[in-house]
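Inside the fold
Residue-level listing of the chains:
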Amino acid sequence: MSYAATHDQHDDHHGAPKGFFQRWCMSTNHKDIGTLYLIFSLTMLFIGGSFAMLIRAELFKPGMQLMQPYFFNEMTAMHALVMIFGAIMPAFVGLGNWMIPLMVGAPDMALPRMNNLSFWILPFAFVLLLSTLFLPGGGPAGGWTMYPPLSLQSGSLAYAVFAIHLMGISSIMGAINIIATILNMRAPGMDLMKMPVFVWSWLITAFLLIAVMPALAGAVTMLLTDKYFGTNFFNPGGGGDPVLYQHIFWFFGHPEVYIMILPAFGIISEIVPTFARKPIFGYKAMVFAIACIAFLSFIVWAHHMFAVGLPLGAEVFFMYATMLISVPTGVKVFNWVATMWGGSMTFETPMLFAIAFIILFTIGGFSGLMMALVPADFQYHDTYFIVAHFHYVLVTGALFAIIGAAYYWMPKWTGNMYSEFWGKVHFWNSVIWVNVLFFPQHFLGLAGMPRRIPDYNVAFANFNMISSIGGFLFGATQLIFVGVLIHCAFFSKKKATDRVWEGAKGLEWTIPSPAPHHTFEVPPVINDDELAHGHVND
Amino acid sequence: MTSGGIRRSFTAAAALALASFGSAALAAPGPWQLNMERGASTWSPVPYHLNNVALGVCTVIGVLVFSAMFIAIFRFRKSRGAVAEKWSHNTTVEVVWTTIPVLILITLAYLATSGLTSWADTTGSQMTVKVTGYQWKWRYDYVDYLGKSIDKVGFMSKLDSRSDRTRQLGSGMDPFAVKVGDENTYLLDVDKPLVVPVDTKIRFVITSGDVIHSWWVPATGWKIDAIPGIINAAWANFTTPGTYRGQCAELCGQDHGFMPIVVEVKSKADFAKWLAEQEASSKAPAAAAQTAQVAAPVAGKQG
């Protein structure tokens, strides 16, 4: 078996296949598939971003100027679906694909053909989802959460449900692949407690994915049968319960939130020690905190439902469980700061994004703690305060970590250094405009502006206009990012060294830049000094 | 027209922003409002104070953590010749910064739990109003008041016609011009408000006739979902007469943004008078009430 596999690969032993179709569509190479994921994710970021621009344009001033309310609702639902399932999740899978084998000293992912399938399902899923915008009846307009009975009124429900099934299959296969790779393909000497934190974060995230994607699939399948096959899971007229959907959905939905942030924690835990030139503070605590957060994510789902009329005991339980999450999350933030303390820091673009992540994610965490308090959440719930909160944790959290990771590993991927000047221009514009965009939304929510409304009372006009201006400029700033990426990949004259960053540690920096098409075909001999966490017990 | 509106609001902005941060009862949101309102019911200060305490706690922690980080950023930079130290572990500080947050959380949990239990207690109410959400209007039915059941007082309440005309795509009408007195009521006014008495514990029983809505008047301090097949209960005891505005807070379809809620709190005497009038008109010509009910959706379609 192993002999046959070696024989199979003999043809492309020395490089990538020449033909475009052979190389990209038939690829089983973790680096090429990682690249595909990342390009796909960037494309989706701009599609989802253009929906956000339309939303902010309509909300620029009171009165309806640009679109009918129904189209506005399609935009809010599609923006979320595209950003969550199309931009953030595939970006992390792409980073995992590229970096996990390099970080644990494996020649490729454990299941390369399944890896190809996991990726190539996604474009079809999104064509299906986005096509609903052009169909009579329009796209899903009941929010990304698709609460019944409202979502059952949508004519394109079947398209959305089938697209979500495909995304779920892709995610589960990706997760199986990552678990199999990490557990089976580590080079000898790469003990679990010596793995980079990014690898740990993905291992835990992959288990979350496998645990909860089936719950989502079940929930949306019940929607489908309620609409088309006469079942009454969520129809009170037939003895069903609309709230049941919310319980199942958020049993998926809350771990999903952590699926989108745990790999970001991993990334920050790679970047900060590199540029502080000091090992991460409390490696074991960092790993344990991630595991803790993952566990707690299963028992807090109803904090999304404090206003549905839960029994008092349930509200109290979910409030306490939710508040507990701030303890391991706090530990992570403290440890990042402690990693910087006593270091020797430089501030290249990845580090800037990591520092912005720590501050702005923490602000998102603070508002998260505030809304865990049920009586206060009775006011916050379903307002722009919530919108501000989850954009702080997902944009300045997850997205900033992904952008930081792209700057951090880009020289290893392309063999060229990106333009530090333009990287910093991108950073400063992003960090300023994202705050202009989202910070005023806290005030809007506290003053009483509900979310998902296309028009509002004039009292909300000032902050909405500021927010929209921030939104347009933040959106435009991301074009700089694309420019930096293209320049780095094709035009940069400055070659990257193998180590790239002075303080970088770990196996991925021991291979040449750009990373050859095949790496670690012979398992590397691990020298604990080379690893970031080679001497954890010291 | 918008810039005119901004200029107008700029004049009052600074004073209003300051006033609104620690403000008294607000009947409706104000421009540049920064913080939650205190509300106008006996319970509504609970979320307001909890919000302020939690915000204060978060601000203090944030200042401490971010200061430590900025000190690190300035002291331990390579350009200043900082040499990286080797330590990566310190059990004492790790135990300390795990324990202190737990203690803070216990305090917050205590405050929140006592506030929540008082909210959940709907017993001893002196009045019951049934609220039903529809796409996209509310229906109010008066069930009982001071121990007596109320006969056939109920009506639909939907967006006022001026807001409704203004909010149409390409109407060319100015949202800043929709006013009642000095107050701008664009999208926050209805044709027929819910009328309730002051200083009365009112139990709201809330449900829906189609999809899920959420009944939210910020002055009460809470919102609760209106769900088909389920009857939720909550209570409010308004302390000051006045007009309090809110909106549907759960996405319920295309006109989700256009189903406001207005509660008019009257003195007990005025309310008794109002209620008597309503009961009389519902009894006298039975047809009148019926036409009113039929007329509401029809008018909605014309608007």
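Structure: above.
In this text the structure is predicted, and so the values were computed from the model without any measurement.

Some remarks on the overall build of chain B
When helices and strands are counted, chain B shows six helices and twelve strands. When the 303 residues of chain B are sorted by exposure, 50% land in the buried category. Restricting the contact set of chain B to residue pairs at least 6 apart, pairs at least 24 apart contribute 62%. Entry remark: accessible area of chain B is about 13400 Å², with carbon and sulfur atoms responsible for 63%.

Some details on the sheet that holds strand β1 (residues 127-134) of chain B
Residues and elements named next belong to chain B. What the five strands build is an open sheet, ordered β3-β2-β1-β7-β10; its pairing is mixed. Here the strands that pair on one side only, and so sit at the sheet edges, are β3 (148-157) and β10 (232-236). The average undirected angle you get between the axes of adjacent strands in this sheet is 20 degrees. Of the strand pairs in this sheet, strand β7 (residues 202-208) and β10 are connected by five bridges, and their pairing is antiparallel. Paired with Val205 across the strands is Ala233, a residue of β10. Each of β1, β2 (137-145) and β3 is contacted by helix α5 (residues 268-283), which is oriented at about 80 degrees to β3, the strand it contacts most.

Let's talk about the interface of chain A and chain B
The interface of chain A with chain B comprises 98 residues on the first partner and 100 residues on the second. Carbon and sulfur atoms make up 72% of the area that chain A and chain B hide from each other, which totals about 8200 Å². Broken down residue by residue, the surface that chain A buries against chain B is led by Trp341, Phe378 and Gln379 of chain A, which jointly contribute 9%. Along the contact surface separating chain A from chain B lie one salt bridge. Note that Glu502 of chain A is salt-bridged to Lys78 of chain B, the shortest N-O span being 3.0 Å. Counting the contacts that link chain A with chain B gives 20 residue pairs in polar contact (both at pLDDT 80 or more). Counting residues per element, the side of chain A that touches chain B draws most heavily on helix α11 (residues 312-340) of chain A, at 16 residues. Split by residue class, the side of chain A that touches chain B holds 64 nonpolar, 23 polar and eleven charged.

Some words on the pattern of salt bridges
Two side chains of opposite charge can pair, provided their charged atoms sit close to one another. Residues and elements named next belong to chain A. This structure, assessed with the given rule, holds 14 salt bridges over all chains. Between Arg451 and Asp382 there is a salt bridge, with its nearest N and O atoms 3.6 Å apart. Of the two residues, Arg451 sits in the loop between α15 (420-447) and α16 (461-491) while Asp382 sits in the loop between α13 (374-380) and α14 (384-414), which places them 69 residues apart along the sequence. Just as Arg451 is buried, Asp382 falls in that class too. Residues joined by salt bridges that share partners form a network here, namely Asp191, Lys194 and Asp528.

Observations regarding the packing of aromatic side chains
Residues and elements named next belong to chain A. Under the definition given, this model contains 64 aromatic pairs over all chains. Ring centres of Tyr245 and Phe249 lie 5.8 Å apart, and the angle between their planes is 25 degrees; on these two criteria the pair is classed as stacked. On the criterion of helical spacing, the pair formed by Tyr245 and Phe249 is a turn pair, its members being four residues apart in helix α8 (residues 242-259). Phe249 carries the same exposure label as Tyr245, and that label is buried.

Definitions and cut-offs
- Residues numbered from 1 in each chain as written.
- Chains lettered and ligands numbered in written order.
- Predicted model: local features only at pLDDT ≥ 70, side-chain atom pairs only at ≥ 80, totals over all residues.
- Heavy atoms only, no water.
- Helix = DSSP H or I, 4+ residues; strand = E, 2+ residues; numbered from the N terminus.
- Buried < 20%, exposed > 50% of the residue type's maximum accessible area, 1.4 Å probe, protein only.
- Contact = heavy atoms within 4.5 Å.
- Areas by Shrake-Rupley, 256 points an atom, 1.4 Å probe, with all protein chains shown as cover.
- Pairing = 2+ DSSP bridges.
- Axes fitted to C-alpha atoms, helices over the stretch in contact; angles between N-to-C directions.
- Buried area = accessible area lost by both parts, 1.4 Å probe.
- Salt bridge = Lys/Arg side-chain N within 4 Å of Asp/Glu carboxyl O.
- Polar contact = N/O pair within 3.5 Å; in protein donor to acceptor, adjacent residues only side chain to side chain.
- Nonpolar A, V, L, I, M, F, W, Y, C, P; charged D, E, K, R; others polar.
- Phe/Tyr/Trp six-rings, centres within 6.5 Å; stacked < 30°, edge-to-face > 60°.

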